[in-house]
Amino acid sequence: MQMRGYIYVISFSAMVSGGCKTHYSPPAVIADHNYLVVEGTIVSGGDSTIIHLSRTVNISNQLTSNPEMNAVVTVEGDQGASYSLPETDSGKYASAALNLDNLHKYRLKIATKNGETYTSDYEQVITTPPMDTLGYDITGNGFNVYASTHDPSNNTRYYRWDYTETYIYISPLHSTYKYVQNLYSDTLESVPRTRDEFIDTCYVTINSNAITLNSTAALSKAIVNKATITQVPEDSEKILHRYSIIVREYGLTLDAFNFWQNLSRNTDKIGTVFDALPSEITTNLHCTSNPALPVVGYIGVSTVSRKRIFIDRTELPVWPYPAPSECKVYFYCWTGANPAPLEFTSGAVVPFGPIKPGDCHMLPGWDVQVADYTCADCRYHLGGKTKKPAFWQ
């Protein structure tokens, strides 16, 4: 009877809780906010200044990217100098080396297409010391890329790093054929590729989205020893052949360091009962046309130190290769007139031989050996490029 009573209580509780459920959408989730997000650093010296502008999107929105286009972006100095940053891509505003006067302060000014204006606070140029070492350490299940640096003057105490990875990706299958339009009709032909038209080997480039910081404020000297930049597991496709990473180092002010540290806590370190609660993030950006309008971001001014390393598979331990993709070449046939189906013209299938007359389902038609593009065209794998980058060794 006691057990039956427990079952009754549990069943009744389940019915009550199930019957009383109502969908609740918190105001923060459904609110139609459209705040400006500003990302980038005003760079002094020989490097480019790149600023990304976008708008926040609703959590429930299917849209994940919302670039702010057609804005007017300039860098202004406290001595009256002004430098334009034209839009080079959707929401990307850039300029070649500005070679700023490090004795002056600079800020960013933005005029959006809807008439809003934003400025950052004037910031002193922070001199980033040269990166001493960029290297890697083998771990039990991969390797860690690290950076070391120091400032002999002890002036630069706060640091941030970002990076770009590039690696060789080779498709499981190699096609030596391509489709071309027949010069005398509206039909397609499958003809051999030239060597520079091969699409099985690509260079994949990935930009970091992690926030990597370090402070030497509590140390007697401004020395950073082996700060972990990223970790690459042993079964990653990045190290199947050849891997390269370029790391950029930025000196920060205390305010900029606090901004990035709070942003990291609010985005990367939430989700468990032991993580810190989200907190308000202080910015040095302001909407001058409507001071009550929030803006997300922090614009610092600094020089940049950078280094690049290459890592070959032969330099690493004998780690197991990832399981190969299930790829195969198969015959594709169609009946009727010669023009090939949409799968051919759209690139969904890649030819592995010439198109030939043949039987298709016991009817006169055409056939050709093909493979799916995911198995034979590396350009569809994370936006790979067949052209070797200029920096590649």
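Note that the coordinates shown come from a computational prediction; the quantities given were computed from them, not determined experimentally.

Draft legend 1. Region of interest: the sheet that holds strand S11 (residues 142–151). Across the sheet, which stays open at both edges, the 3 strands sit in the order S10-S11-S17 with antiparallel pairing between neighbours. The open sheet is flanked by strand S10 (131–139) and strand S17 (222–233), the only strands paired with a single partner. In this sheet, adjacent strand axes meet at a mean angle of 20° when their direction is disregarded. Bridge count between S11 and S17: 9 bridges; the pairing is antiparallel. Within S17, the position partnered with Ala147 by the bridge is Ala227.

Draft legend 2. Region of interest: the pattern of salt bridges. According to the stated counting rule, one finds 11 salt bridges in the structure shown. Salt-bridge contacts for Glu116 lead to Arg55; the nearest nitrogen and oxygen are separated by 2.9 Å. You can see Glu116 sitting in the loop between strand S7 (105–111) and strand S8 (117–120) and its partner Arg55 sitting in strand S2 (residues 49–55), a full 61 residues away along the chain. Summarising the burial analysis for this pair, Glu116 and Arg55 share the class buried. Three or more residues joined by partner-sharing salt bridges are found here, namely Arg55, Glu68 and Glu116.

Draft legend 3. Representation of empty space enclosed by the protein in the model. All chains considered together, the criterion is met by 1 cavity of 30 Å³ or more. Estimates place the volume of the largest cavity at around 100 Å³. Along its surface, the largest cavity is lined by 15 residues, and Gly251, Leu252, Ala256, Gly300 and Val301 are the ones closest to its centre. When residues of the lining of the largest cavity are traced back to their parent elements, those giving at least two are strand S1 (36–43), strand S18 (242–252), helix H3 (254–267) and strand S21 (300–302). Classifying every residue of the lining of the largest cavity gives 7 nonpolar, 6 polar and 2 charged.

Draft legend 4. Quick look at the state of the cysteines. Going through the model one piece at a time under the given rule, you end up with 3 disulfides. The disulfide partner of Cys202 is Cys378, and the gap between their sulfur atoms is 2.0 Å. The sign of the S-S torsion, about 65°, decides the handedness of the disulfide formed by Cys202 and Cys378: right-handed. Placement of Cys202 in strand S15 (residues 201–207) and of Cys378 in the segment after helix H5 (373–376) is noted, with a sequence separation of 176 residues between them. Each member of the pair, Cys202 as well as Cys378, is classed as buried. Residue pairing for Cys333: its cysteine sulfur links by disulfide to Cys360, the two sulfurs lying 2.2 Å apart. Across the S-S bond linking Cys333 and Cys360, the dihedral sits near 60°, which makes this disulfide right-handed. Separated by 27 residues along the polypeptide, Cys333 in strand S23 (residues 330–335) and Cys360 in strand S25 (residues 356–360) bring together distant segments of the chain. Accessibility expressed as a relative area gives 25% for Cys333, which makes it partly exposed.

The rules behind each value
- Residues numbered from 1 in each chain as written.
- Predicted model: local features only at pLDDT ≥ 70, side-chain atom pairs only at ≥ 80, totals over all residues.
- Heavy atoms only, no water.
- Pairing = 2+ DSSP bridges.
- Helix = DSSP H or I, 4+ residues; strand = E, 2+ residues; numbered from the N terminus.
- Axes fitted to C-alpha atoms, helices over the stretch in contact; angles between N-to-C directions.
- Salt bridge = Lys/Arg side-chain N within 4 Å of Asp/Glu carboxyl O.
- Buried < 20%, exposed > 50% of the residue type's maximum accessible area, 1.4 Å probe, protein only.
- 1 Å grid on protein atoms, 1.4 Å probe; cavity = no way out; pocket = protein on both sides within 12 Å on 5 of 7 lines; lining within 4 Å.
- Points joined across faces, edges and corners; volume = space filled by probe spheres on them.
- Nonpolar A, V, L, I, M, F, W, Y, C, P; charged D, E, K, R; others polar.
- Disulfide = S-S within 2.5 Å.

Any functional reading would require information that these geometric values do not contain.
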